[in-house]
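Reading the structure
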Amino acid sequence: MAKRTVKDLDVAGKRVIVRVDFNVPRKDGVITNDNRIMAALPTINYLIENKAKVILMSHLGKVDHKDPEKCEADKKKNDMAVVAKRLAEVVDTKVTFVPVTRGEELEKAVADLKDGEIVLVQNTRYEKGESKNDPELGKYWASLGDLFVEDAFGSVHRAHASTVGIPTHLPSALGFLVEKEVKMLGAAVDTPVHPFVAIIGGAKVSDKIAVVDNLLKIADKVIIGGGMAYTFLKAKGYEVGQSLLEEDRVEMAKEYLEKAGDKLVLPIDNVVADRFAEDANTKVVDSDKIPADWQGLDIGPKTVELYRETLKGAKTVVWNGPMGVFEMKPFANGTLEVCKAISELPDATTVIGGGDSAAAAIQLGFGDKFSHISTGGGASLEYMEGKVLPGIAVIEDK
């Protein structure tokens, strides 16, 4: 059933609580990348133009409530004030920042809101009950608004007070950002046009095994790259030297290889290094020839060709996880070439599932060459696993 979107709500004059994802990266108290703020603007601007009273809520970083001293340091480090300053620069309305998460100051700021104005609430994780979905907290926050809009895709896989607690008490809908995520991931994973090729990379098999498992059921081919490939190569009986290896997952990898047959596509050669460093000695070797004291850090040129060939003619491609240690130049080529190969496919729906592969695509200059780049690594991963995302499930159907 399709979910209601913000356009299905009558927002004029109403207090609309919007859960946004303003968990932006910072260095020395300065925002280093404001993508998440910019991504929320379509929904925020729509509400402003339609005369809503906008109450924005987001988390920022982590707050450790177990240790009082660390808790105070975390709060200081993850204060939302820096976000409020940037937000005020990019919207054409008054932004009031409230440095608390409950109480008189917050209630007064909300009561004073005029149509088309914004209140930004302090970091939701200042509240101990946020991550536990404390029912009292969810009810209190809901009492501040008339309607709820979910626009933080990066948080919908978590059942927190601000993502699930609030909409339990209010009429709710999806914002434009989450609507697009659900539409694009749904088109790729739930109703893909075949041939459908999935590319799964990253460091560990254990992080991605549920994704591999689900995608093997629906994709025509599943390409494996990154550190996790070496556990599969070990399962084939190859020596992998000092490469990343999860010994406790080798048997499971064997089962997958037997079950999947030629559906699972593994590297046939690798760029290996004599140590984990940018200036290490490197060479290219076949997958069954990795020297004992060397480690695989990227896929090799023959593998690039194999993966390019496997992608030929694909109509749907989902990619999650880099092919090698792309942050280091000598080991970035595999990720770059896969990026290139996907971006050149004619008339294909191409989706990157957030996280490192999204960072890699943007960093390598391919940001606008995909149908969709997800804003939520964890959420898109769970979607690809076939899991229900609680922050979306709670939103009312059309």
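Residues numbered from 1 in each chain as written. Predicted model: local features only at pLDDT ≥ 70, side-chain atom pairs only at ≥ 80, totals over all residues. Heavy atoms only, no water.

Let us look at the sheet that holds strand β16 (residues 349-352). As summarised here, the arrangement of the six strands in space is β11-β10-β9-β15-β16-β17, forming an open sheet in which the pairing is parallel. If you trace the sheet from one side to the other, it starts and ends with β11 (264-265) and β17 (372-373), each paired once. Along the sheet, helix α12 (residues 333-343) makes contact with β9 (196-200), β15 (316-320) and β16, crossing β15 at roughly 155°. (Pairing = 2+ DSSP bridges. Helix = DSSP H or I, 4+ residues; strand = E, 2+ residues; numbered from the N terminus. Contact = heavy atoms within 4.5 Å. Axes fitted to C-alpha atoms, helices over the stretch in contact; angles between N-to-C directions.)

Once that is clear, we can look at unusual backbone geometry. The omega torsion of the bond from H194 to P195 falls at -5°, within 30 degrees of zero and hence cis. Along the polypeptide, P195 turns up in the loop between α7 (176-190) and β9. Although it is not a glycine, N133 adopts a positive phi angle of roughly 55°. Counting through the fold element by element, N133 comes out in the loop between β6 (118-121) and α5 (135-142). Despite not being glycine, D347 shows a phi value in the positive range, around 45°. Positionally, D347 belongs in the loop between α12 and β16.

One can describe the packing of α7 onto helix α14 (residues 377-384) by two numbers: an axis separation of 10 Å at closest approach and a directional angle of 35°. Read as a crossing pair, α7 and α14 show a hand that is right-handed. In this structure, α7 contributes V182, L185, G186, V189 and D190 to the contact, and α14 contributes S380, Y383 and M384. Here the residues of the contact of α7 with α14 are counted per class, giving five nonpolar, two polar and one charged. (Left-handed = near helix turned anticlockwise from the far one by under 90°. Nonpolar A, V, L, I, M, F, W, Y, C, P; charged D, E, K, R; others polar.)

Attention now moves to the environment of S357. Looking at where S357 falls in the secondary structure, it is placed in helix α13 (residues 355-363). A residue is classified by how much of its surface remains accessible, and S357, at 0% relative accessible area, is buried. Residues S357 and P346, eleven residues apart in the sequence, show an inter-C-alpha distance of 21 Å. Once residues within four sequence positions are removed from consideration, S357 is found in contact with W319, N320, G321, P322 and I352. (Buried < 20%, exposed > 50% of the residue type's maximum accessible area, 1.4 Å probe, protein only.)

Per the counting criterion, the structure on display carries two aromatic pairs. Between Y46 and F176 the ring centres are 5.3 Å apart and the planes differ by 85°, which places this aromatic pair in the edge-to-face class. One end of the pair, Y46, is in helix α1 (residues 35-49); the other, F176, is in helix α7, with 130 residues separating them in the sequence. Given a relative accessible area of 18%, Y46 falls into the buried group. Across the ring face of Y256, the terminal group of K259 is positioned such that the distance to the ring centre comes to 4.4 Å. (Phe/Tyr/Trp six-rings, centres within 6.5 Å; stacked < 30°, edge-to-face > 60°. Lys NZ or Arg CZ within 6 Å of the ring centre and 35° of its normal.)

The subject of this paragraph is the environment of P25. You can see P25 is positioned in the loop between β1 (15-19) and β2 (26-27). Through-space distance from the C-alpha of P25 to that of N35 is 9.6 Å; in sequence the pair is ten residues apart. Sequence-distant contacts of P25, defined by excluding residues within four places in its chain, comprise V30, I31, T32 and N33.

Inspection of every chain in the model, using the stated rule, returns 27 salt bridges. D21 is the partner of R36 in a salt bridge, and the nearest nitrogen-oxygen pair spans 3.5 Å. With R36 in helix α1 and D21 in the loop between β1 and β2, this residue pair connects regions lying 15 residues apart in the sequence. One salt bridge connects K254 with E251, and the closest N-O pair in it is separated by 3.2 Å. (Salt bridge = Lys/Arg side-chain N within 4 Å of Asp/Glu carboxyl O.)

Now for the side chain of S172. Along the polypeptide, S172 turns up in strand β8 (residues 172-174). For S172, a relative accessible area of 0% corresponds to the buried category.

Between helix α8 (residues 205-218) and helix α10 (residues 250-260), whose axes approach to 12 Å, the crossing angle comes to 10°. Regarding the angle of α8 to α10, the classification is roughly parallel. Each of I209, V212, D213 and L216 in α8 lies in contact with α10, whose residues at this interface are M252, Y256, K259 and A260. Looking at the contact of α8 with α10, its residues break down into six nonpolar, no polar and two charged. (Parallel < 35°, antiparallel > 145°, perpendicular 65-115°, else oblique.)

This part takes up α5. Burial in α5 covers these residues: L137, G138, Y140, W141 and A142. Buried positions along α5 lie against β1, β4 (53-57), α4 (104-111) and α6 (161-165). If you check the start of α5, you find a side-chain oxygen 2.8 Å away from the backbone N of E136, and it comes from D134. (Polar contact = N/O pair within 3.5 Å; in protein donor to acceptor, adjacent residues only side chain to side chain.)

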